[in-house]
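# Tertiary structure, described
What follows is each chain in one-letter form.
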Amino acid sequence: MSIRFLKAGLQTSLQDLGRHGFRRYGIPNNGALDPVSLQIANWLVNKPLNSACLEITQAGPVVEFTEDVAIAVTGAHFELSIDDIPVDMHQTLLVNKGERLTFGKLVNGARAYLSFSAEADLPKIMNSYSTNLMANFDGFEGRAFNNNDTLTLKNHFMPEVKETPKELQLQFGDNYQIRFIQGREWSCFSQDIQQQFLQTSYQVTSQSNRMGMRLKGCALKTEKTLSMTTAPITPGTIQIPPDGQPIITLADGQTTGGYPRIGQVITADLPILGQLKANDSISFQEIDVKGALNFLSQKYNLINRLFNY
Amino acid sequence: MQTFDFQIFIHSDHSILIEFDGSISEDLLRYILGVAETIQHNPPAGFVELVPAYNSLLIIFDPLNFTPDTALSHIKSSIKKAQAVSTKQSNTIEIPVCYDPRVAEDLDYVADYCGMTVQELIDAHSQQEYTVYMLGFLPGFLYLGDLDKRLHCPRRDNPRTRIEAGSVGIGGSQTGVYPIASPGGWQIIGRTPVAMLDVEQSPPAIAKPLDKIRFVPISFDEFEKLDKEEA
């Protein structure tokens with residue numbers, strides 16, 4: 001069986017929870033920008049939580065299935081319809097052979113995840129199906145889907161129908177406080193600049209993508225350029241380039257960087273970054289590592305309760 | 001045995017950072033790689049991967065299985081046992097490079113800038129060995145040491161939106177090969193037909209830290225022939 005892309009959408013690509021262990025070769029994790037929503041989508045169709053989904057960005061696709069299939073859509077809130085009949089997100093949906101699923105208006109968030117009751121008939125590279133859009137490998141031909149592509153599926157099954165509990169039917173806003181841990185070069189910035197960083201409401205710019213989120217707001221200009229030896233960075237690292245506008249590294253971002261690391265977004269808040277789009281705003285709130293790990297375990301306790309239903 | 005002083009930090013909710021004192025050198029690199037090897041042989045709980053760099057080492061954990069204080073003391077005791085790696089496992093890797101304006105748009109400019117003929121530039125660039133210090137920036141990109149001072153040349157004022165895979169460039173005091181097509185600001189002086197990245201191979205990059213790279217000049221005809229074979 002297969003999925004046919006009548007319309008591909010702005011950037012629709014295959015992603016799972018990413019590849020790990022290859023950053024020392026310059027290869028980023030890739031994978032879903034909102035891994036929480038991806039896992040819930042997989043739970044709804046009774047698949048391993050790490051399974052590859054379609055990651056759908058801002059303008060969604062129109063797809064057709066060549067066999068009866070169960071699907072689920074989570075993450076960014078889209079108006080969905082199957083053959084022009086509105087359907088809801090956050091539940092298992094049964095789609096009959098030849099029916100069309102249309103992603104309509106984006107209501108909130110930026111990225112939705114579509115899981116399907118079959119497996120993509122593609123090889124894993126470095127233990128993952130995630131598309132590396134920059135080096136063009138894995139996923140579907142190493143790229144985002146185009147109009148008229150066909151994704152072949154195998155090991156098709158029909159799961160029981162489920163619904164996400166209300167507290168995990170996430171809705172997204174356009175203004176967030178993002179929590180961060182002081183970065184290695186935090187103390188290289190003057191107290192004035194640190195205060196500016198903490199008090200500015202930054203706007204997400206349209207130059208943001210899966211590699212990084214580029215922000216615009218109060219420019220954090222230092223008197224002289226802080227000279228740095230190239231050093232490792234990870235998703236969530238907030239760097240301050242010479243123009244003073246912060247850049248947050250995301251899942252496809254470079255493995256090393258040469259700009260001062262003012263902070264590191266906590267892991268619990270990374271999925272929110274994947275749900276922001278141009279003109280949304282964020283501000284930064286500092287917490288310590290212990291607090292960051294507490295928030296993360298709270299978040300996963302909630303999700304794990306769902307997965308152990 | 002040479003060791004280096006270091007500072008160690010709980011760097012985030014999923015990483016520990018070690019920064020080593022001392023200027024960038026092969027001796028420091030051998031020690032960093034020795035520390036990396038020791039940690040990898042007996043990793044702390046929750047360990048995922050590590051990334052060695054010029055004068056630092058980042059150790060990455062699964063944040064759901066990261067106990068910072070336990071991991072920190074585990075790593076500190078690993079460092080005590082660490083020894084610099086030998087250069088015995090280092091390979092010398094020859095990379096054929098076509099230095100020809102047809103694939104190297106900035107060749108004449110760079111020769112001009114450096115006050116050399118094109119042949120002198122080619123000789124200077126290809127007659128030395130470069131140590132691989134680290135990988136990063138792009139998948140399979142090698143950070144190389146010790147570019148001949150006579151060849152230092154600033155980046156382009158207007159970065160190109162696309163530089164072909166295999167392009168050999170100079171950016172300030174660095175030289176390197178673009179492993180994949182990407183935007184970039186380096187001056188392009190040559191191109192290799194050899195793939196720098198093969199994602200089906202383990203490891204996926206053609207070289208590792210401490211390996212030596214030699215650029216071997218080839219003609220445009222040889223380049224075209226080898227380029228076809230690679231494709």
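This structure is a prediction, so every number in the text was calculated from the model and none was measured.

Residue and element names in this part refer to chain B. Spatial strand order, β1-β2-β4-β3: four strands in an open sheet with antiparallel pairing. What marks the edges here is a single partner per strand, and that holds for β1 (6-12) and β3 (47-52). Recorded for the sheet is a direction-independent mean angle of 15° between the axes of neighbouring strands. Along the sheet, helix α1 (residues 26-41) contacts β2 (15-20), β3 and β4 (56-61); its crossing angle with β3, the most-contacted strand, is approximately 175°.

All names here are of chain B. The topology assignment puts Asp-211 in the loop between β12 (187-191) and β13 (212-218). The class for Asp-211 is buried, based on a relative accessible area of 2%. Of the polar contacts made by the side chain of Asp-211, one reaches the backbone nitrogen of Lys-208; its length is 3.0 Å. Contacts of Asp-211, omitting those with residues within four sequence positions, involve Gln-89, Ser-90, Asn-91, Ile-93, Tyr-130, Thr-131 and Val-132.

Let us look at the pattern of salt bridges. Any two side chains of opposite charge can pair, given that their charged atoms come close. A full pass over the atoms with the stated rule returns 25 salt bridges over all chains. Across the pair A:Glu64 and A:Arg100 runs a salt bridge, and its minimum N-O distance is 3.4 Å. Of this pair, A:Glu64 sits in strand β4 (residues 62-65) while A:Arg100 sits in strand β8 (residues 100-116), and the two are 36 residues apart along the sequence. Residue A:Glu64 is classed as buried on the basis of its relative accessible area, which comes to 12%. Relative accessible area serves as the criterion here: at 40%, A:Arg100 is assigned to the partly exposed category. Across the pair B:Arg214 and B:Glu129 runs a salt bridge, and its minimum N-O distance is 4.0 Å. Highlighted residues: B:Arg214 in strand β13 and B:Glu129 in the loop between α4 (118-126) and β6 (130-135), separated in sequence by 85 residues. We classify B:Glu129 as partly exposed; its relative accessible area is 35%. Salt bridges linked by common partners bring A:Glu55, A:Arg111, A:Arg210 and A:Asp252 together as one network.

Glancing now at the interface of chain B and chain A. With 42 residues of chain B in contact, the opposing surface of chain A contributes 38 residues. In total, about 3200 Å² of surface goes out of reach between chain B and chain A, with carbon and sulfur atoms giving 66% of it. There are two salt bridges connecting chain B and chain A. As a salt-bridge pair, B:Glu19 and A:Arg184 come within 2.8 Å of each other at their nearest N and O atoms. At the boundary of chain B and chain A, one finds ten residue pairs in polar contact (both at pLDDT 80 or more). Among the elements of the structure, β1, β2, β3, β4 and β6 of chain B are those that each provide at least two residues to the side of chain B that touches chain A. Partitioned by chemical class, the residues of the side of chain B that touches chain A number 28 nonpolar, ten polar and four charged.

All names here are of chain A. You can read the domains of chain A as domain 1 (2-168) and domain 2 (175-307). If you look at the interface, domain 1 gives 34 residues, while domain 2 gives 23 residues. With both chains or domains summed, domain 1 and domain 2 bury close to 2200 Å², and 61% of this area falls on carbon and sulfur atoms. Ranking the residues of domain 1 by area buried against domain 2 places Arg-23, Leu-33 and Val-36 at the top, with a combined share of 27%. Counting the contacts that link domain 1 with domain 2 gives one salt bridge. The partner of Arg-210 in a salt bridge is Glu-55, and the shortest N-O contact between them spans 2.9 Å. For the pair domain 1 and domain 2, the number of links is twelve residue pairs in polar contact (both at pLDDT 80 or more).

What counts as what
Residues numbered from 1 in each chain as written. Chains lettered and ligands numbered in written order. Predicted model: local features only at pLDDT ≥ 70, side-chain atom pairs only at ≥ 80, totals over all residues. Heavy atoms only, no water. Pairing = 2+ DSSP bridges. Helix = DSSP H or I, 4+ residues; strand = E, 2+ residues; numbered from the N terminus. Axes fitted to C-alpha atoms, helices over the stretch in contact; angles between N-to-C directions. Contact = heavy atoms within 4.5 Å. Buried < 20%, exposed > 50% of the residue type's maximum accessible area, 1.4 Å probe, protein only. Polar contact = N/O pair within 3.5 Å; in protein donor to acceptor, adjacent residues only side chain to side chain. Salt bridge = Lys/Arg side-chain N within 4 Å of Asp/Glu carboxyl O. Buried area = accessible area lost by both parts, 1.4 Å probe. Nonpolar A, V, L, I, M, F, W, Y, C, P; charged D, E, K, R; others polar. Domains from an automatic or database assignment.

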